[in-house]
Amino acid sequence: MSTTSPTENQAQTHRQRPELHVTAELGVLEAPAGAVLANGNIHVFHQFRPRANEGSRWAHQVASEVPYDWDVCDDVLTPEGDEVDVLAGSSVPLDADPSCAPEDRGAVELFFVTSTADGAPHDNAELLGNRIHHGERGQRRFTVQRALIPDLSELVDVSDDPTPADPRVRRLGPIEIDDSKYPLPGDLVTPSVIWHRDSWLMVALSLEGESDAKIVKLRSHDRQHWRVEGALELSSNANVPAGRPFAPRIITLTDDATGEQKDVLFITYVAEGSDSDEVVGYVVGKLGGAHFEVTTPWTTFDFGHDFTRPRVVQADNPVIFGLVGAHPSYEGQWANCLSSPRFLSLVDGHLYQDVVGTPRAVKGYSDRALIWTGQLDTEQGEVAVDVLDKDGQRIVRVSHSATSVTVTRGEGDSAVAQLEPTDDSSTLTIFVDGPVCEVFADGGATSLTSAIPAHRRVSKFDATVSGGAAITHSMVTVGQDLLRSRAGLDSPEAQERFMAEALVADREVAEGLVDED
């Protein structure tokens, strides 16, 4: 499935653009590229293609008060010289290194990949990433490079001309790789870089041939000179899917139940029986040399239709973003946005996801977003929550039973997550923002992310129970336009009349003509 839109200009706008999710301001968002937490703000970088015939670049957005109120900043990386595309990688705060110099605190480095023609000169238009089949190398070479942002807090404005990259972002050139211990068969792509114990760690894909790849591990003390330690070897109990890996990401987390520090490795694979759908999962364990000793085998991270290729922020409270839809297309569903930021915790070897501040964001920063939260008793029977359009027609159904959560789009297009048995009551959160539906069950132990038709406006939820199930508590939060609509204030005239009546009422209260109680 191609990443190219049917029209030459990919900058057309869907009727229902997400309000609280990161989207490309222009063109197609192709992948999350990196993210950093700094001074209470979340900075997100993403790879996007402004138009079908232009190279990919890195955009920059920042959220301050809540992680959904996104401000667009200047782009940070654009193709230069003979570069075709600037592709996703990683972003690291320099003060992650305990020995960071005082003058470097607040600085961030970007690890990115550039593509160029391999060998004889080519028409660069034919080498654009959206012209080459997903997962294939094509006639391209790839180079991992670095760039420096001396002070990330200064990159929060937008210049008059958004075309060039922000001049305060300084390119440092390609990294240097020593592969004498483990010769690399091909170029490196999708680098994931973190401070790990006593040095900088990189996991990346080493391309082999036209379409194969292996995960490799590298170490560095200065982020410029890297030594390849070998192909990453997972212990025999890892139980990862067969096939070529994509987008490896690694973080370290302390298990809240055991107090042990663990390494968590995320990997994306093509879903079984599919040519294009992808599945993201993780393994938990301990990285030593090039060997990863697994203690929690492969576990699917998100069971929905459209979550892939995440980027993870290594921090005291790590945050993960995924791409909603791996292959953007304008023919059907909206696919070019990022998931909501999800704060991660590790408990008994399993990840839990928390969407902090979502109800506040829906109420204060959106017009038409909605969120439904409920506490359920599903020991018997089932709770079903329908997402309805303005005509009362169902767009999506979310079903929760004792053993599973199911998201069904249209007529029978279902994604299912099996649940672990629990003695506690179940919880369910459904967050809908335009064409994105994110479902979280049982305290964030399970998530399902799906794109929904962009041409149908979501209006409300309708919850029902069957077979002895019960909803013990529920709450709905809606955006400001939906709130006004429910109050009968759909038109500007009705809103103006309401404001005038409110002013008269306030004046009468102030003059003592009406008792405020």
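Residues numbered from 1 in each chain as written. Predicted model: local features only at pLDDT ≥ 70, side-chain atom pairs only at ≥ 80, totals over all residues. Heavy atoms only, no water.

- The protein chain is annotated in an unreviewed UniProt entry as beta-fructofuranosidase from Corynebacterium urogenitale.
- Under the heading Sequence similarities (unreviewed entry), UniProt records this for the protein chain: "Belongs to the glycosyl hydrolase 32 family." (UniProt positions renumbered as here; feature names shortened; annotations may be inferred.)

Some details on the confidence of the model for the protein chain
So, point 1. For the protein chain, per-residue confidence averages 88 on the pLDDT scale, and residues scoring 70 or more make up 87% of the total.
So, point 2. Throughout residues 1-14 the model reports pLDDT below 50, and contacts reaching past four residues in sequence, or to other chains, amount to 37 contacts.
So, point 3. Low pLDDT (under 50) marks residues 326-335, which in the prediction has 37 contacts with non-local residues, meaning those over four places away or in another chain. (pLDDT = per-residue confidence, 0-100. Contact = heavy atoms within 4.5 Å.)

Let's talk about the sheet that holds strand 2 (residues 41-49)
So, point 1. An order of 1-2-3-4 is seen for the four strands of this open sheet, with the pairing classed as antiparallel. At either end of the open sheet lies a strand with only one pairing partner, and these are strand 1 (28-38) and strand 4 (70-72). Ignoring which end each strand starts from, the neighbouring axes of this sheet average 30° apart.
So, point 2. Bridge count for strand 2 against strand 3 (residues 57-63) is seven bridges, and the pairing is antiparallel. Considered in strand 3, the bridge of Gln47 is made with Trp58. (Pairing = 2+ DSSP bridges. Helix = DSSP H or I, 4+ residues; strand = E, 2+ residues; numbered from the N terminus. Axes fitted to C-alpha atoms, helices over the stretch in contact; angles between N-to-C directions.)

Notes on helix 1 (residues 358-365)
So, point 1. Within helix 1, burial applies to Thr358, Ala361 and Val362. Considered in projection along helix 1, the buried side chains sweep an arc of 100° and stay on one side of the axis.
So, point 2. Structurally, helix 1 contributes buried residues whose contacts are with strand 23 (370-377), strand 28 (426-433) and strand 32 (470-478). (Buried < 20%, exposed > 50% of the residue type's maximum accessible area, 1.4 Å probe, protein only. Arc of directions from axis to C-beta.)

Examining the nonpolar core
So, point 1. Grouped together as the largest cluster of nonpolar side chains are 37 residues, with contacts concentrated most on Met202, Trp226, Ile250 and Phe292.
So, point 2. Those residues within four positions of Met202 in sequence are excluded, and the remaining contacts are Phe111, Ile175, Pro191, Ser192, Val193, Val216, Lys217, Leu218 and Trp226.
So, point 3. Ranked by size, the runner-up nonpolar core spans 27 residues in total, among them Val407, Ala415, Val439 and Ala469. (Core = buried A, V, L, I, M, F, W, Y, C linked by side-chain atoms within 4.5 Å.)

Details of the pairing of strand 2
Put simply, side chains in a regular strand alternate between the two faces of the sheet.
So, point 1. Judged by how many residues are buried, strand 2 sits mostly within the fold: eight of nine residues are covered.
So, point 2. Taken together, the nine bridges between strand 1 and strand 2 define a ladder with antiparallel strand orientation. Among the inter-strand pairings, Leu29 is bridged to a residue of strand 2, identified as Phe48.
So, point 3. If you look at the hairpin formed by strand 1 and strand 2, you'll find two residues sitting between the two strands, and Asn39 has a positive phi there, around 55°.

Structural notes on the pattern of salt bridges
So, point 1. Per the stated rule, a full pass over the model turns up 25 salt bridges.
So, point 2. Residue Asp75 is joined to Arg57 by a salt bridge in which the shortest nitrogen-to-oxygen separation is 2.8 Å. In this pair, Asp75 is assigned in the loop between strand 4 and strand 5 (85-93) and Arg57 in strand 3, connecting sequence segments 18 residues apart. Accessibility classification places Asp75 together with Arg57 in one group, the buried group.
So, point 3. The salt bridge partner of Arg197 is Asp263, with a shortest N-O separation of 3.0 Å. Of this pair, Arg197 sits in the loop between strand 10 (188-196) and strand 11 (199-208) while Asp263 sits in strand 16 (residues 261-270), placing them 66 residues apart in sequence.
So, point 4. Here the salt bridges share partners, and the residues they tie into one network are Glu30, Arg49 and Asp85. (Salt bridge = Lys/Arg side-chain N within 4 Å of Asp/Glu carboxyl O.)

Regarding the sheet that holds strand 29 (residues 436-441)
So, point 1. The five strands lie next to each other as 30-29-28-23-32, forming an open sheet whose pairing is antiparallel. Bordering the open sheet on either side are strand 30 (446-451) and strand 32, each of which pairs with just one other strand. Strand-to-strand twist in this sheet, taken as the mean axis angle between neighbours without regard to direction, amounts to 10°.
So, point 2. Looking at chain direction, strand 28 and strand 29 are connected through six bridges and run antiparallel. Each bridged residue has a counterpart across the sheet, and for Ile430 the counterpart in strand 29 is Val439.
So, point 3. Along the sheet, helix 1 makes contact with strand 23, strand 28 and strand 32, crossing strand 32 at roughly 40°.

Overview of the environment of Phe431
So, point 1. Structurally, the position occupied by Phe431 is in strand 28.
So, point 2. Separated by 60 residues in sequence, Phe431 and Ile371 place their C-alpha atoms 4.4 Å apart.
So, point 3. Apart from residues no more than four positions distant in its own chain, Phe431 is found in contact with Leu20, His21, Tyr68, Ser340, Thr358, Val362, Leu370, Ile371, Val436, Cys437 and Glu438.

Observations concerning the packing of aromatic side chains
Any pair of aromatic rings gets described here by the distance separating the centres and the angle formed by the planes.
So, point 1. Considering all chains together, one arrives at eleven aromatic pairs under this definition.
So, point 2. Aromatic pair Phe266 and Phe301: ring centres 5.6 Å apart, planes at 85°, arrangement edge-to-face. Within this pair, whereas Phe266 is found in strand 16, its partner Phe301 is found in the loop between strand 18 (291-300) and strand 19 (308-313), the two being separated by 35 residues in sequence.
So, point 3. Residue Phe266 is classed as buried on the basis of its relative accessible area of 1%. (Phe/Tyr/Trp six-rings, centres within 6.5 Å; stacked < 30°, edge-to-face > 60°.)

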